Amino acid sequence: MHVQEWLETVPAVAVYALVGLVIGLESLGIPLPGEIILVSSALLASQHGEIDPVVLGASATAGAIIGDSIGYAIGRKGGRPLLAWLGNKFPKHFSEGHIATAERSFEKWGMWAVFFGRFVALLRIFAGPLAGVLRMPYWKFLIANVLGGIVWAGGTTAVIYYVGIVAESWLKRFSWLGLVAAVLVGLTSMLVIKRKAKKAGQRVEVTEAQVP
């Protein structure tokens, strides 16, 4: 079942709690689809009056800030061994290469890495724990954490909510036009991709033919 379809089956209070919990756990360092849940919930709020977008945004923001703070505390206490343990448990997300990339971001940007990390899937699960491991001063982390949580969670909720309202209104007025436009765009994209793939295949064949 699609995420949004599943969310439609639960009460609004459960949606708020789920969004806050999933985003909190993701921010803590557990790889979960926090952004997908948030976007799906915001779209649902634009279509159903039972879900208040303000409460939804506040829940997401609270989850992001609290989760990151707990992740920071765990990272500060666990240190490097924690990263090694996470690498064994979640090799896809906490591989040595990903950790090294995140560390370089922190060394270069400092507290801004925590702020902008909210908008990058990889850094979003690293920000809290890694800031703790690297012993970033807590006041710097807290400022970046709070501001990043508000801008990312609140901003994403607001943008998706209003886009959903505009899109629904537009489709109601121009449903057939929208359908035709979508079909034309899809066909054009498919033809362009197919043409590029054919040209790329021809170039490969020519290159292989030229190799002695």
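Criteria and cut-off values
Residues numbered from 1 in each chain as written. Predicted model: local features only at pLDDT ≥ 70, side-chain atom pairs only at ≥ 80, totals over all residues. Heavy atoms only, no water. Helix = DSSP H or I, 4+ residues; strand = E, 2+ residues; numbered from the N terminus. Expected span 1.5 Å × (residues − 1). Buried < 20%, exposed > 50% of the residue type's maximum accessible area, 1.4 Å probe, protein only. Axes fitted to C-alpha atoms, helices over the stretch in contact; angles between N-to-C directions. Contact = heavy atoms within 4.5 Å. Nonpolar A, V, L, I, M, F, W, Y, C, P; charged D, E, K, R; others polar. Patch = residues over 30% accessible without salt bridge, like charges linked within 9 Å, V, L, I, M, F, W, Y side chains within 5 Å. Areas by Shrake-Rupley, 256 points an atom, 1.4 Å probe, with all protein chains shown as cover. Salt bridge = Lys/Arg side-chain N within 4 Å of Asp/Glu carboxyl O. pLDDT = per-residue confidence, 0-100. Phe/Tyr/Trp six-rings, centres within 6.5 Å; stacked < 30°, edge-to-face > 60°.

Trainee: Provide a residue-level description of helix α3 (residues 34-47), including the pertinent values.
Mentor: Here α3 is 14 residues long and its end C-alpha atoms lie 20 Å apart, about the 20 Å a rise of 1.5 Å per residue gives. Looking at α3, one finds that the buried residues are G34, I37, L38, S40, S41, A42, L44, A45 and S46.

Trainee: Now, about the packing of helix α2 (residues 12-28) against helix α7 (residues 121-133): what can you tell me, with residues and values included?
Mentor: Running from amino to carboxyl end, α2 crosses α7 at an angle of 60°, the nearest separation of the two axes being 6 Å. For the pair α2 and α7, the contacting residues are E26, S27 and L28 in the first and R124, I125 and P129 in the second. Tallied by class, residues from the contact of α2 with α7 come to 3 nonpolar, 1 polar and 2 charged.

Trainee: Just give me the short version of a nonpolar patch on the surface, but keep the residues and values in it.
Mentor: A surface patch of nonpolar side chains, amounting to about 710 Å² of accessible area, comprises W109, W112, F116, F119, V120, I150 and V151. Secondary structure elements with two or more residues in the nonpolar patch: α6 (111-117) and α8 (138-173).

Trainee: Requested: an account of α2, with residues and values cited.
Mentor: Helix length check: α2 (17 residues) gives 24 Å between terminal C-alpha atoms against 24 Å at 1.5 Å per residue, within 8%. Every buried residue of α2 is listed here: A12, V15, Y16, V19, G20, V22, I23, G24, E26 and S27. Immediately beyond the C-terminal end of α2, within one or two residues, lies G29, with a positive phi of roughly 125°.

Trainee: So, the pattern of salt bridges: which residues are in play, and what are the values?
Mentor: For the structure on display, the rule yields 3 salt bridges. Residue E35 pairs with R124 through a salt bridge whose shortest N-O separation is 3.5 Å. Here E35 is found in helix α3, whereas its partner R124 is found in helix α7, with 89 residues between them in sequence. What makes R124 buried here is its relative accessible area of 2%. One salt bridge in this structure joins D68 and R118, with 3.1 Å as the shortest N-O distance. Taken together, the positions of D68 in helix α4 (residues 53-89) and R118 in the loop between α6 and α7 put the pair 50 residues apart, joining distant regions of the chain.

Trainee: Provide a residue-level description of the confidence of the model for the protein, including the pertinent values.
Mentor: Averaged over the protein, the pLDDT score is 76; the fraction of residues at 70 or greater is 67%. Considering only residues more than four positions removed or in separate chains, one finds that residues 204-209, a stretch of pLDDT under 50, has 0 contacts.

Trainee: Break down the packing of aromatic side chains for me, citing the residues and quoting the values.
Mentor: Where two aromatic rings form a pair, the distance of their centres and the angle of their planes describe that pair. All chains considered together, the criterion is met by 8 aromatic pairs. A ring pair is formed by W112 and F115, whose centres lie 5.8 Å apart and whose planes are at 80°; its orientation type is edge-to-face. Remark: F115 and W112 occur in helix α6; sequence separation between them is 3 residues, near one turn of the helix. Take W112: its relative accessible area is 49%, and that puts it in the partly exposed class. Seen in terms of ring centroids, Y161 and Y162 are 5.2 Å apart; in terms of plane orientation they differ by 75°. Their pairing is edge-to-face. Using a relative accessible area of 17% as the deciding quantity, one classes Y161 as buried. Among the residues examined, Y162 registers a relative accessible area of 53% and is labelled exposed. An aromatic cluster is defined as three or more aromatic residues linked by ring pairs; in this entry it consists of W112, F115, F116 and F119.

Trainee: Kindly report on the environment of M136, identifying the contributing residues and their values.
Mentor: Mapped onto the elements of the fold, M136 is located in the loop between α7 and α8. In this structure the C-alpha to C-alpha distance between M136 and G110, which are 26 residues apart in sequence, comes to 8.0 Å. Sequence-distant contacts of M136, defined by excluding residues within four places in its chain, comprise Y72, R76, F106, G110, M111, V114, A131 and F141.

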